[in-house]
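Chains, contacts and geometry: an overview
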Amino acid sequence: MLIGLILTLIAAIAFIGVKAQSGGDFRGDGNGQIVLAEIKPGSTLSELGPTLVETGVVSSNEAFQSAAATNTKAADVKPGFYKLQKKMSAEAAVNAFVNPENAIDLLKVPTGATLMDSKVVGGDTRFGIYSLISAISCSVGDSCLSPEELQSAGANADPTSLGVPSWAMGHVQEATGDPKRLEGLIEPGEYVIDPEASAEEILTQLVTTSAQSFTETGIVERAGAIGLSPYELLTAASLVEREAPAGEFDKVARVILNRLAKPMRLEFDSTVNYGLDEQEVATTDEDRARVTPWNTYAKDGLPATPIASPSIEAVTAMENPAPGNWLFFVTIDRDGTTVFNDTFEQHMADTQKAADSGVLDSNR
């Protein structure tokens, strides 16, 4: 009788312990198995409780809610992806969210970025959008997209599935197989991306979000007003992004339109560089003579495609160019002073100032 009572007590204690463990809280900082958790824009940390229970990060929503309520930093946690572990105590899980080391980096697409890496003469490599995505994808767990996998998706995935806007669809379809066919269609900015998503899923997110931003500027309507197609406007905006100093975007936009109307070749060094393995501000005579789909020294009109990711500022400047008769512009000193001229003679005089200041010096 006594033995049976003891066994009953042991079983009851074990049951209570298991119940407390599963319905109450885990102990410690986790078991080492990484789990990604996403706080979506507009949501709060506390709303994530049920999902964390489902994925095995915490034992109960109640414990997580209590830990979040008592952590003064919990309300400051920003949307994004965070690294946690399975079987964390609720307190440890909340602490993981408030620790910046557990936040997955945002994808930061700089203005004027290109899809592919580019080398600078005498300098470093500028990493392209594919490489930037790859770095984030490879920052956690075993999932790791290489730049080559992203290039393949960019080159071959169905443009409709990727969210390519209708006004760019024909250009993108014609370039199937080329990893640069999405050039210019990803807006500069910061993006929360899932590092465990597929290459096509990530590119779809970026292209779709950017297409919406471009649409909201009125790109279709404004393109017609200035005599360009929306894709041509985006292409011209990429030139503005790469050529114009801050505060002068609308003037450079006007130069582009004035030259196209002449007609007169644009002759932008940025378009020469886009087709080169190594780039720098000062291009050579040999470089400028190369016939490529982008080199506006060697071809009439706009480049065949955008040469970079234009900011919304560059797009709106192209949509609303400054009034003026300028046909030329040149930066004349290292402070970025840029002058605009109507005549070739004035332009050559200012170009000499640029040469004297060292702006056009080459590192080749």
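Residues numbered from 1 in each chain as written. Predicted model: local features only at pLDDT ≥ 70, side-chain atom pairs only at ≥ 80, totals over all residues. Heavy atoms only, no water.

**Comments concerning the layout of surface pockets**
So the rule is basically this: Definitions used throughout: a 1 Å grid over protein atoms alone; a cavity as a set of points that fits a 1.4 Å probe which cannot get out; a pocket as an open set with protein on both sides within 12 Å along at least five of seven lines; a lining residue as one with an atom within 4 Å of a point. Grid points are joined across faces, edges and corners, and a volume is the space filled by probe spheres set on the points. Runs of E in the DSSP output that reach at least two residues are strands. Runs of H or I that reach at least four are helices, and both are numbered from the N terminus. The nonpolar class holds Ala, Val, Leu, Ile, Met, Phe, Trp, Tyr, Cys and Pro. Asp, Glu, Lys and Arg form the charged class, and all remaining residues, Gly among them, are polar.
In this structure, the second largest pocket encloses a volume near 330 Å³. Looking at the lining of the second largest pocket, the elements with two or more residues in it are strand S2 (80-85) and helix H4 (90-98). Per element, the largest residue contribution to the lining of the second largest pocket is 3 residues, and it comes from S2. Split by residue class, the lining of the second largest pocket holds 12 nonpolar, 2 polar and 4 charged.

**Comments concerning the packing of aromatic side chains**
Using the following cut-off: Ring geometry is summarised as follows: Phe, Tyr and Trp rings, the Trp one being its six-membered ring, pair when their centres sit within 6.5 Å, and such pairs are stacked at plane angles under 30 degrees, edge-to-face over 60 and tilted between the two. Each residue's exposure class comes from its accessible area (1.4 Å probe, protein chains only) as a fraction of the maximum for that residue type: buried when under 20%, exposed when over 50%, partly exposed otherwise. To sit over a ring, a charge needs its Lys NZ or Arg CZ within 6 Å of the ring centre and within 35 degrees of the ring normal.
Applying the stated criterion across every chain yields a total of 7 aromatic pairs. Here the aromatic rings of Phe 64 and Phe 97 are separated by 6.4 Å at their centres, their planes lie at 65 degrees, and the arrangement is edge-to-face. With a gap of 33 residues between them, Phe 64 in helix H3 (residues 61-70) and Phe 97 in helix H4 connect regions that are remote in the sequence. You'll find Phe 64 and Phe 97 in the same group, each marked buried. Grouping aromatic residues by their ring pairs yields a cluster made of Phe 268, Trp 326, Phe 329 and Phe 340. Above the plane of the ring of Tyr 297 lies Arg 288, whose end atom (NZ or CZ) is 5.7 Å from the centre.

**With respect to the sheet that holds strand S4 (residues 118-120)**
Just so we agree on the cut-off: We call two strands paired when DSSP finds no fewer than two bridges between them.
The sheet built from 3 strands is open, its strands ordered S5-S4-S7 with mixed pairing. A strand with exactly one partner marks an edge of an open sheet, and here the two such strands are strand S5 (125-126) and strand S7 (278-279). Examined bridge by bridge, S4 and S5 share 2 bridges and lie antiparallel to one another. Each bridged residue has a counterpart across the sheet, and for Ser 118 the counterpart in S5 is Arg 126.

**Structural notes on the UniProt feature "site: Important for catalytic activity" (unreviewed entry) in the protein**
The condition is simple: UniProt positions are given in the numbering used here, feature names are shortened, and annotations may be inferred rather than shown by experiment. Two residues form a contact once any of their heavy atoms are found within 4.5 Å. Polar contact is the term for a pair of N or O atoms within 3.5 Å; when the atoms are in protein, one must be able to donate a hydrogen and the other to accept it, and sequence-neighboring residues count only if both atoms are side-chain atoms.
When the UniProt feature table is mapped to this numbering, "site: Important for catalytic activity" (unreviewed entry) covers Glu 243. For Glu 243, the location among the structural elements is in helix H11 (residues 230-243). Not counting the four nearest positions on each side in its chain, Glu 243 is found in contact with Phe 268, Asp 269, Ser 270 and Phe 329. Separated by 3.5 Å, the side chain of Glu 243 and the backbone nitrogen of Asp 269 make a polar contact.

**Here we look at the packing of H11 against helix H15 (residues 312-319)**
Counted only if it meets this: Here, axes are lines fitted to C-alpha atoms. For helices the fit covers the stretch in contact, and angles between N-to-C directions go from 0 to 180 degrees. Should the near helix be turned anticlockwise from the far one by less than a right angle, the crossing is termed left-handed; should it be turned clockwise, right-handed.
Interhelical geometry of H11 versus H15 gives an angle of 115 degrees and a closest axis separation of 8 Å. The interaxial crossing formed by H11 with H15 has right-handed handedness. In this structure, H11 uses Leu 233, Leu 234, Ala 236, Ala 237, Val 240 and Glu 241 to contact H15, whose residues at the interface are Ala 314, Val 315, Met 318 and Glu 319. Grouping the amino acids of the contact of H11 with H15 by side-chain chemistry returns 8 nonpolar, no polar and 2 charged.

**Some details on the pairing of strand S9 (residues 338-341)**
Of the strand pairs in this sheet, strand S8 (residues 328-331) and S9 are connected by 4 bridges, and their pairing is antiparallel. Bridge assignment links Phe 329 to a residue of S9, and that residue is Phe 340.

**Structural notes on the environment of Leu 84**
Mapping Leu 84 onto the fold places it in strand S2. A relative accessible area of 1% places Leu 84 in the buried class. C-alpha separation for the pair Leu 84 and Met 348, spaced 264 residues apart in sequence, amounts to 61 Å. Each residue touching Leu 84, except ones within four places of it in the same chain, is listed here: Gln 33, Ile 34, Val 35, Ala 37, Val 57, Ala 93, Ala 96 and Phe 97.

**Brief notes about the state of the cysteines**
Put simply, the rule reads: By definition, disulfides here are pairs of cysteine sulfur atoms that lie within 2.5 Å.
Enumeration over the complete set of coordinates arrives at 1 disulfide. What pairs with Cys 138 in a disulfide is Cys 144, and their sulfur atoms sit 1.7 Å apart. Across the S-S bond linking Cys 138 and Cys 144, the dihedral sits near 80 degrees, which makes this disulfide right-handed. The class for Cys 144 is partly exposed, based on a relative accessible area of 43%.

**As for the nonpolar core**
Here is a general trend for soluble globular proteins: nonpolar side chains tend to be buried in one another's company. Applicable threshold: In this text, buried Ala, Val, Leu, Ile, Met, Phe, Trp, Tyr and Cys residues form a nonpolar core when linked through side-chain atoms within 4.5 Å.
Judged by nonpolar contacts, the single largest core of 67 residues is most densely connected at Ile 133, Val 164, Val 240, Ile 256 and Met 318. Here the element with the most residues in this core is H11; it accounts for 7 residues. The contacts of Ile 256, once residues within four sequence positions are left out, are Ala 236, Leu 239, Val 240, Leu 266, Phe 268, Leu 302 and Met 318.

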